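Commentary on secondary and tertiary structure
Okay, here's what each chain looks like letter by letter:
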Amino acid sequence: MARIAFSRLSVLMALLFAGPLVAPAPANAHGAGWQVEDTGNTKTYRFGYTDGSPMAFAEVVVTTKDGKVWQKARTDRVGQFSIGLGNLPALKDPKPDLDIKVADGMGHVVQLTYQPNSAAGGQQGSATPSPTTMQGTPALLDLPIWASILFGCSLLLNLFGGLLIWQRRQMARKASN
C-alpha cells in the first residue's frame, strides 16, 4: 500500500516539476545597478535592473553624511535621476559626500555615495565608472544557463532522495512493529 502511494506521489511530483520545463517562462528575478554620466555641474544616474529594464519611478533619497535629507525625488520613466551640483557651496561643507539610496518599493535597493573629491566619480566600491556599463550587484538567481540546469537537477535529486529515505524509514517502522 505504501509502495503504491509513494509511486503515485513520485509521479505527481515529477509532473509538477516537469510542467515548467515543457512551457518555459522568462525568469523575473534580477538584481539592480546603475550607470553614471558626469556633465560638469550635473551628475546623471541611470538606475536599472540586470535584465536591462529601467527602475522607473523609483524613490530616490539623497542625504548628507550628517544624516540630513538633501533631496527627495523619483527616477523618470527610463530610470534616470540627476543631481545638480551647482548649488553645493550653499551647504556648510563646500564639497560634501552625499549618500544616494534608490528603492523601487519591491525590494530592490541601490545605495551609493557621491564623493566629489574622488577621481573615481563617486561610486562606492567601483574603480572607474563607465557610462556604458551597468554597475551594481546581481541577484542571487542571476545564473548562467548551465548553472541553472545544474541547480534544478540538484533540487530534483535531493527531493526524490529525501522521499526515498522517508519511504524506507516508514517501511522499516512497519516491519519492526
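Report follows, based on the coordinates. (Residues numbered from 1 in each chain as written. Predicted model: local features only at pLDDT ≥ 70, side-chain atom pairs only at ≥ 80, totals over all residues. Heavy atoms only, no water.)

1. Observations regarding the overall build of the chain
Put simply, the test is: Helix and strand definitions here come from DSSP, where helices need a minimum of 4 consecutive H or I residues and strands a minimum of 2 consecutive E residues; each element is numbered from the N-terminal end. Each residue gets one of three labels from its accessible area relative to the maximum for its type: buried under 20%, exposed over 50%, partly exposed in between, using a 1.4 Å probe on protein chains only. The contact definition used throughout considers only heavy atoms, calling two residues in contact when any of these lie within 4.5 Å. Areas reported as accessible are Shrake-Rupley estimates using a 1.4 Å probe. Residue values count occlusion only from the protein chains shown.
Looking only at helices and strands, one finds two helices and eight strands in the chain. Starting at the N terminus and walking to the C terminus, you meet the elements of the chain as α-β-β-β-β-β-β-β-β-α. Per-residue burial for the chain yields a buried fraction of 27% across its 177 residues. The long-range share in the chain, meaning contacts at least 24 apart out of those at least 6 apart in sequence, stands at 52%. In the structure as shown, the chain presents an accessible area of about 11,900 Å², 61% of it carried by carbon and sulfur atoms.

2. Digging into the pairing of strand 5 (residues 80-84)
Here is the rule: When DSSP locates at least two bridges between a pair of strands, those strands are taken to pair.
Residues F81 and I83 of strand 5 are buried on one face, while the alternating residues Q80, S82 and G84, pointing to the opposite face, are not. Here strand 2 (residues 42-49) runs beside strand 5; their pairing, made up of five bridges, is antiparallel. By the bridge assignment for strand 5, Y45 is matched with F81.

3. What about helix 2 (residues 145-176)?
The condition that has to hold: One less than the residue count of a helix, multiplied by 1.5 Å, gives the span that helix is expected to have.
The end-to-end C-alpha distance of helix 2 is 47 Å, a good match for the 46 Å that 32 residues give at a rise of 1.5 Å each. Residues of helix 2 that are buried include every one of A147, L163 and Q167, and no others.

4. Here's the deal with the nonpolar core
Quick reminder of the rule: In this description, a nonpolar core means a group of buried Ala, Val, Leu, Ile, Met, Phe, Trp, Tyr and Cys residues linked to one another through side-chain atoms lying within 4.5 Å.
Judged by nonpolar contacts, the single largest core of 19 residues is most densely connected at Y45, F47, M55, I100, V102 and V110. Every element with two or more residues in this core is listed here: strand 1 (32-38), strand 2, strand 3 (59-64), strand 5, strand 6 (98-103) and strand 7 (109-114). Those residues in contact with V110 that sit more than four places away from it in its chain are A32, G33, W34, F47, M55, I100, K101 and V102.

5. Observations concerning the environment of R3
The residue R3 is located in helix 1 (residues 2-22) in this model. Judged by relative accessible area, R3 falls into the exposed class, the value being 56%. The residues contacting R3, other than those within four sequence positions of it, are Q167 and M171.

6. Some remarks on the pairing of strand 7
A regular strand places its side chains so that they alternate between the two faces of the sheet. Sheet topology places strand 6 next to strand 7; six bridges connect them, and they run antiparallel. Residue pairing in the sheet places A103 in a bridge with V109 of strand 7. Linking strand 6 back to strand 7 in an antiparallel pair, the connection comprises five residues, with G105 at a positive phi of about 85 degrees.

7. Structural notes on the sheet that holds strand 3
Heads up, the condition is: The axes are straight lines fitted to the C-alpha atoms, using for helices just the contacting stretch, and the angles between their N-to-C directions are given from 0 to 180°.
Here four strands make up an open sheet; going across it, the order is 4-3-6-7 and the pairing antiparallel. Each edge of the open sheet carries a strand with a single partner, namely strand 4 (69-74) and strand 7. The average angle at which neighbouring strand axes cross in this sheet is 15 degrees, direction not considered.

8. Details of the pattern of salt bridges
Heads up, the condition is: The salt bridge criterion pairs a side-chain nitrogen of Lys or Arg with a carboxyl oxygen of Asp or Glu, the two atoms within 4 Å.
As enumerated under the stated definition, the model contains two salt bridges in all. Between K43 and D38 there is a salt bridge whose closest N-O contact spans 3.4 Å. Among the ionic pairs, D99 bridges to K65, the shortest N-O distance being 3.1 Å. Taken together, the positions of D99 in strand 6 and K65 in the loop between strand 3 and strand 4 put the pair 34 residues apart, joining distant regions of the chain. With relative accessibility at 51%, the residue K65 sits in the exposed group.

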